[in-house]
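# Analysis of the macromolecular model
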Amino acid sequence: MYLNLYETCPVEPVRGEGVYLVDKNGKRYLDLLSGLGVNLLGYNHPAIVKELKDIPPFLHLSNLYLHPLKEEVASILCSLTGMDFAFFTNSGTEAVEAALKFAWKKNPGKIVAFENSFHGRTLGSLSTSGMLKEQPFPRINTEIKFLPWGDAESVLKENPSILILEPLQGSGGPRVASREFYKAIMELKKHGTIIICDEIQSGLGRCGSFLASQRLGLKPDIVALGKGLGGGLPLGCVLLRKEIASTLSTGDHGTTMGGNFLALKLARVVIKEVLKLMGHAKELEKELHGNEGLGLFIGITTERKDEVMRKMLEEGVIIGKSARGIRLLPPLIIKKEELLPVWERIRSLL
Ligand SMILES: Cc1ncc(COP(=O)(O)O)c(C=O)c1O
């Protein structure tokens, strides 16, 4: 029997259509959570469907082979982010694991992370997830200090080897911190701290720029991507600077399936499409009064999240929650006239 470890939604979907999920009775739900942020282009986007019709020469080609497609997607991602190298993984948490290992190889020592952060469920990323601090599982064997999110002063008191942050906390937010906070993080970088930005939820155009860090003045040394990168197929990526890549050698890290051929084909489509949509995400942000997030990474603090979620579901709208309140991750294709009335309705229920 399937082991369900999730608090599941009572909808029984049979198909997806753009921004909607349709259940077995034909009821349409506006999906403002997009498969936990994966479906950046909504369901069955024509460009994705078209790409799927083009049967690739192989579905999987292991990392024992180099292929121009891998180089092409890596180069596109590097040029969009100003990074030098890309390594592909299967998931977000594996991108974080690789990011931590790569940072460690260059600069081993104390790690700073943030309260209420979420970086994934495998043991390395779990160890740096403030939100999972109380979970009864082992941690990686190094000092990890959790600082209050958004507190510039406490950042400036530290001198860690590695700092990991979500530019906007997702499961713990979404909430943009102050300019001073991001400046303080860049100050640490000047003293040699390796900055890892976990952009698994905030990246790929969701925040109105390719990476949220680009809007927030962060210049990370390592970036982790995941969620929507594979267009609905499992794909993560670690982007890194050459100074870090140069410390890595064959065998330092690996993955059997990471960088799966079909997932990379879809990634190329996703990247092309989100580049067209991120300006739209930035425009919509201006209309979302009360949004504490950035672009279409939408958050609002409330203690009434469960009631609001239930009520919205009755009204045919799927929304998400976070530790602070309500979290919306709509597909970037959503139209203003689809999003704004629902946003106002959510606010009226707070
Ligand atoms: C910011 C962040 N980091 C890491 C992860 C883990 O990604 P995955 O579930 O693909 O392992 C998530 C997933 O929600 C995330 O939001």
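These numbers come from a predicted model, not from an experiment.

Moving on to the overall build of the protein. The secondary structure content of the protein amounts to twelve helices and 14 strands. For 350 residues, the compact-globule formula gives about 20 Å, and the C-alpha radius of gyration of the protein, at 20 Å, lands near that figure. Viewed in the frame of its principal axes, the protein has a C-alpha envelope of about 55 × 50 × 45 Å. Here the protein, with 350 residues, has 49% of them falling under the buried criterion.

Below, the discussion takes up the nonpolar core. Counting residues in hydrophobic clusters, the biggest one holds 92 residues, and the most contacted among them are Ala99, Ile196, Ile222, Cys237, Val238 and Ile319. Broken down by element, this core gets its largest block of residues, ten residues, from helix H10 (residues 261–287). Residue contacts for alanine 99: discarding those within four places in its chain leaves Ile196, Ile222, Ala224 and Val238.

This next bit is on the packing of helix H2 (residues 46–53) against H10. Where H2 meets H10, the closest approach of the two axes is 10 Å, and the angle between their N-to-C directions is 155 degrees. Viewed along their axes, H2 and H10 adopt a mutual orientation that is roughly antiparallel. In this structure, H2 crosses over H10, and the sense of that crossing is right-handed. The residues of H10 that touch H2, namely those facing Ala47, Ile48 and Glu51, are Lys265, Leu266, Val269 and Glu273.

This paragraph deals with helix H11 (residues 305–314). Along an α-helix, residues three or four positions apart point the same way, because every turn accommodates 3.6 residues. For H11, the set of buried residues is Lys305, Val308, Met309 and Met312. All buried residues of H11 project into a common sector of 100 degrees when viewed along the axis, lining one side. Turned more than 90 degrees away from the buried face of H11, the exposed residues are Asp306, Glu307, Arg310 and Glu314. Residue glycine 316 follows H11 closely and has a positive phi angle near 85 degrees.

It is worth spelling out the sheet that holds strand S3 (residues 28–31) at this point. Taken together, the four strands give an open sheet; going across it, the order is S1-S2-S3-S12, and neighbouring strands pair in mixed fashion. The open sheet has two edge strands with one neighbour each: strand S1 (13–17) and strand S12 (317–318). Bridging between S3 and S12 involves two bridges; their strand directions are parallel. If you follow leucine 30 over to S12, its bridge partner there is valine 317.

This part is about the site of the ligand. Around the ligand sit 13 residues, and of these Ser91, Gly92, Thr93, Gly120 and Gln201 come closest. Among the elements that make up the shell around the ligand, the one with the highest residue count is helix H4 (residues 92–106) (three residues). Of the residues in the shell around the ligand, the class split is three nonpolar, eight polar and two charged.

Taking strand neighbours across the sheet as the criterion, the seven strands line up as S4-S10-S9-S8-S7-S5-S6 in an open arrangement whose pairing is mixed. Whereas interior strands pair on both sides, the edge strands pair on one side only; in this sheet they are strand S4 (85–89) and strand S6 (144–147). Across this sheet, the average inter-strand angle for adjacent strands is 20 degrees, counted without regard to direction. Note that S4 and strand S10 (residues 236–240) share five bridges and pair antiparallel. Among the inter-strand pairings, phenylalanine 87 is bridged to a residue of S10, identified as valine 238. Set on the sheet, H4 makes contact with S4, strand S7 (162–165), strand S8 (194–198), strand S9 (222–225) and S10; between it and S10 the angle comes to about 25 degrees.

What follows is about the environment of alanine 98. Along the chain, alanine 98 falls in helix H4. By the C-beta count within 10 Å, which is 26 here, alanine 98 ends up buried. With 119 residues separating them in the primary sequence, alanine 98 and glycine 217 have C-alpha atoms 24 Å apart. Setting aside residues no more than four positions away along its own chain, alanine 98 makes contact with Phe87, Thr89, Val238 and His253.

One can read the domain layout of the protein as domain 1 (13–46 + 277–348) and domain 2 (68–270). A separation of 25 Å is found between the C-alpha centroids of domain 1 and domain 2. Listed per partner, the contact involves 23 residues of domain 1 and 25 residues of domain 2. A per-element tally of the side of domain 1 that touches domain 2 places H10 first, with five residues. Considered class by class, the residues forming the side of domain 1 that touches domain 2 number twelve nonpolar, six polar and five charged.

The residue glycine 205 is located in the loop between S8 and helix H8 (212–216) in this model. Sequence separation between glycine 205 and isoleucine 271 is 66 residues, and the spatial gap between their C-alpha atoms is 8.7 Å. The contact partners of glycine 205, leaving out residues within four places of it in the chain, are Leu40, Phe210, Val274, Leu275, Leu277, Met278, Ala281 and Leu332.

Cut-offs and rules
- Residues numbered from 1 in each chain as written.
- Predicted model: local features only at pLDDT ≥ 70, side-chain atom pairs only at ≥ 80, totals over all residues.
- Helix = DSSP H or I, 4+ residues; strand = E, 2+ residues; numbered from the N terminus.
- Rg over C-alpha atoms; globule rule 2.2 N^0.38 Å.
- Buried ≥ 20, exposed ≤ 12 C-beta atoms within 10 Å, placed from the backbone.
- Core = buried A, V, L, I, M, F, W, Y, C linked by C-beta atoms within 7 Å.
- Contact = placed C-beta atoms within 7 Å.
- Axes fitted to C-alpha atoms, helices over the stretch in contact; angles between N-to-C directions.
- Parallel < 35°, antiparallel > 145°, perpendicular 65-115°, else oblique.
- Left-handed = near helix turned anticlockwise from the far one by under 90°.
- Arc of directions from axis to C-beta.
- Pairing = 2+ DSSP bridges.
- Near = placed C-beta within 6 Å.
- Nonpolar A, V, L, I, M, F, W, Y, C, P; charged D, E, K, R; others polar.
- Domains from an automatic or database assignment.

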